[in-house]
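Here are the chains, one letter per residue:
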Amino acid sequence: MELPVDSLLQLFKVLWTIFGISWSAPVGPGSDSDYKLLSESVIYGEVQSSDEISLLYSLWAMYIVLYITNFAVERSSGTSADLIKTLFDLLVSVTIFLGRFDMRMMQAAMSSSHEGAKPEDFLYDHFSEKGDFWFDFMADTGDGGNSSYSVARLLAQPSLQAKNYDHSLPRGDLLLIGGDLAYPNPSDYTYKKRFIRPFKYALPWPSWYKKESITVNKPELPLGVSDLKQYDGPQCFVIPGNHDWFDGLQTFMRHICQKSWLGGWLIPQKKSYFALQLPKGWWVFGLDVALHNDIDGHQFNFFSELIHEKVKKNDSVIIMTHAPNWILDSYWNDETGKNVSHLICDHLEGRCKLRIAGDLHHYMRHSYVQSGKPAMVQHLLVNGCGGAFLHPTHVFGKHIEAYNSTYKTIKAYPSFQDSSRVCNNIKLSTMCRLCRIGGIMGGFCVGGIALDNILKFRKENWQFDFIGGSIYFILTFSMFPLCKLDHILQDDTVSGHIKNIVSTIWDAFMYMVGESYVSSVGALILLAAAILFVPSKVSKKKKVIIGVLHFSAHLVSALVLMLLMELVVQMCIRNDLLATSGKIYSFIITLNNLI
């Protein structure tokens, strides 16, 4: 809802009064009367004769400041405002719903016959009688924008001519999407803007399709097509990722399982996991591993029964999950997805020829290294290049251990060399070799990815600094004002200045610990959060060390910034650049006393 013009003018006047004119006003007792915008009547509505600022006026001005801050944060466009909501949704999903209310369990219960589910809800065999069959796979479309549209446009082309390849590649009869459809949180807005819109522009949906309607009876086929086997257009099947689970899978169910089209791709699926019977004895198992990276009991029962009843001994199976636990487990020396591993090793027994996943935003393909052990899986593939920002590849090494076997890296994008080196060329004319391949990164060089991800996150999500600023304020506000800091600059040597600064920081820290209970509690909470945010795979000793170092860096930064600000204020007052009287000055003193 837009504010009226009068309200906007009033807010601007208040903001200018508090943060603008008061800092450049002339010094002296008459400054308030000389500049009428500094008077109480601007905010309070009437003039009072008392020289002291009233408590009601202080509270009202504080409310206005908080309102303006809230107004700016709520209406800030970009990812930052969503990140706060994402954190809340994640806490709710993990602590309240996960393990207590599972959408996968609800799907099985609503379609149950006896311990499993009706085949028509989870099993699709309409591809099984086709001749030549092509399919495309992608994951992590969530950022939206030019990069997501570029990938969707390539997928929508009737054919593509690859470099150094004699034959053209036809558009896939089937498009498999491996989750994380919208970042950072699932909502109608993020799904429509960052996921559905790029695909709609790349390949428009049928003119007769009502995009706002909910499909009751799937599949919703075009006129003249009575059966799914007769439809020869592109189709799409999707599994959810961890970001799609942040709201308990509600948005995914509305836009995937209860809709019929993703642009020009037909979506026949009704549930969040499925099995596809392809031609020539091939199968695709799309697994929903939720937030704990494993399938639930109902899902396991469905696929294990399907294997024993329909999958033949010489058939081949492709298993699609969101997270590539073979890479992550090898990196962290961990073991996750035990139900999935049990399904592959003890039920498929070597019939799983390929595992595909996303989650990591790069391309990596590993193949089984011949040895005396039987191969539970022949090839392992990650393709999280659906349009999201890139992740580095060099951190995982050229060999990994999975299923008691060794797998070798056959191909990686970006290459290990391009992933590790630092490249700051961002102009299109000077992009490195990696950026010229395909040209889907919007003109930005992706060399030095690990560092670029940190720097670009900070640049693109500047509104997130409100949280850091609030934390620093809690740590230091009880120490305002700090007077008589001139001794820091009185020494003639650099070492003397540094010694004075370190001594002053230490004194401020001891004051915070001994005198300020609020700041001390805030520091303890920040310390606990810094330790808890260290990945759980790290040993407890390293976790505490990393957390303490992280906390110490923030605490020192907050204290240094506080001292620098106080020094600047004192220097400005000494040179008659800041007001030392008047209503605004009184308001600041009163606010400090209230705190």
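Residues numbered from 1 in each chain as written. Predicted model: local features only at pLDDT ≥ 70, side-chain atom pairs only at ≥ 80, totals over all residues. Heavy atoms only, no water.

1. With respect to a nonpolar patch on the surface
On the surface, Tyr331, Trp332 and Val395 cluster together into a nonpolar patch covering about 280 Å² of accessible area. The topology assignment puts Trp332 in helix H11 (residues 325–332). Note on Trp332: relative accessible area 34%, which makes it partly exposed. (Patch = residues over 30% accessible without salt bridge, like charges linked within 9 Å, V, L, I, M, F, W, Y side chains within 5 Å. Areas by Shrake-Rupley, 256 points an atom, 1.4 Å probe, with all protein chains shown as cover. Salt bridge = Lys/Arg side-chain N within 4 Å of Asp/Glu carboxyl O. Helix = DSSP H or I, 4+ residues; strand = E, 2+ residues; numbered from the N terminus. Buried < 20%, exposed > 50% of the residue type's maximum accessible area, 1.4 Å probe, protein only.)

2. Concerning helix H12 (residues 338–348)
For H12, every residue scored as buried is listed here: Val340, Ser341, Leu343, Ile344, His347 and Leu348. Turning to H12, the residues buried within the fold contact strand E10 (282–286), helix H10 (297–309), strand E11 (316–320), strand E12 (352–357) and strand E14 (377–383). Two residues or fewer after H12 comes Glu349, characterised by a positive phi angle close to 50°. (Contact = heavy atoms within 4.5 Å.)

3. Some remarks on helix H9 (residues 250–257)
With six of eight residues buried, H9 is to be regarded as a mostly interior element. Listed as buried for H9 are Thr251, Phe252, Met253, His255, Ile256 and Cys257.

4. Things to note about the packing of H10 against H12
Between two packed helices, both the angle of their axes relative to each other and the distance between the axes serve to describe the pair. Axis separation between H10 and H12 bottoms out at 11 Å; the angle between their running directions is 15°. The orientation of H10 relative to H12 falls into the category roughly parallel. For the pair H10 and H12, the crossing hand works out as right-handed. On H12, the residues that touch Phe300, Phe303, Ser304, Ile307 and His308 of H10 are Asn339, His342, Leu343, His347 and Leu348. (Axes fitted to C-alpha atoms, helices over the stretch in contact; angles between N-to-C directions. Parallel < 35°, antiparallel > 145°, perpendicular 65-115°, else oblique. Left-handed = near helix turned anticlockwise from the far one by under 90°.)

5. Let's talk about the packing of aromatic side chains
On inspection of all chains with the given rule, the structure shows 20 aromatic pairs. On the basis of an interplanar angle of 85° and a centroid distance of 6.0 Å, the ring pair of Trp208 and Trp261 is categorised as edge-to-face. Remark: Trp261 occurs in strand E7 (residues 261–262) and Trp208 occurs in the loop between helix H8 (188–202) and strand E6 (235–238); sequence separation between them is 53 residues. A relative accessible area of 5% means that Trp261 is categorised as buried. Note on Tyr231 and Trp261: the rings are 6.1 Å apart at their centroids and 80° apart in plane angle, and the pair reads as edge-to-face. Highlighted residues: Tyr231 in the loop between H8 and E6 and Trp261 in strand E7, separated in sequence by 30 residues. In this pair, the class of Tyr231 matches that of Trp261, namely buried. Through pairs of rings, three or more aromatic residues link up here, namely Phe122, Tyr273, Trp283, Phe285, Phe302 and Phe303. (Phe/Tyr/Trp six-rings, centres within 6.5 Å; stacked < 30°, edge-to-face > 60°.)

6. Here we look at the confidence of the model for the protein
The pLDDT averaged across the protein works out to 75; a share of 68% of its residues lies at or above 70. Every residue in residues 73–81 is under pLDDT 50, and counting partners more than four places away or in other chains gives 15 contacts. Residue range residues 422–447 is modelled with pLDDT below 50. Its contacts to residues more than four positions away, or to other chains, number 42 contacts. (pLDDT = per-residue confidence, 0-100.)

7. So, the side chain of Asp244
Summarising the element assignment, Asp244 is placed in the loop between E6 and H9. With no salt bridge to any partner, buried Asp244 finds its closest opposite charge in Arg194, at an N-O distance of 11 Å. A polar side-chain atom of Asp244 sits 3.2 Å from the main-chain amide nitrogen of Leu181. A distance of 2.7 Å separates the side chain of Asp244 from the side chain of Tyr191, its partner in a polar contact. (Lys, Arg positive; Asp, Glu negative; His and termini not counted. Polar contact = N/O pair within 3.5 Å; in protein donor to acceptor, adjacent residues only side chain to side chain.)

8. Comments concerning the nonpolar core
Counting residues in hydrophobic clusters, the biggest one holds 40 residues, and the most contacted among them are Phe285 and Ile344. The greatest single-element share of this core, amounting to five residues, is contributed by H10. Ignoring sequence-local partners within four residues, the contact set of Phe285 consists of Phe274, Ala275, Phe303, Leu306, Ile307, Val311, Val317, Ile318, Ile319, Met320 and Leu348. Counting 34 residues, the second largest nonpolar core, distinct from the first, contains Leu155, Trp205, Met253 and Ala290. (Core = buried A, V, L, I, M, F, W, Y, C linked by side-chain atoms within 4.5 Å.)

9. A word on the sheet that holds E11
Pairing within the open sheet is mixed, and its nine strands lie in the order E1-E9-E10-E11-E12-E14-E13-E16-E15. If you trace the sheet from one side to the other, it starts and ends with strand E1 (123–124) and strand E15 (399–402), each paired once. Along the sheet, H10 makes contact with E1, strand E9 (274–277) and E10, crossing E10 at roughly 175°. (Pairing = 2+ DSSP bridges.)

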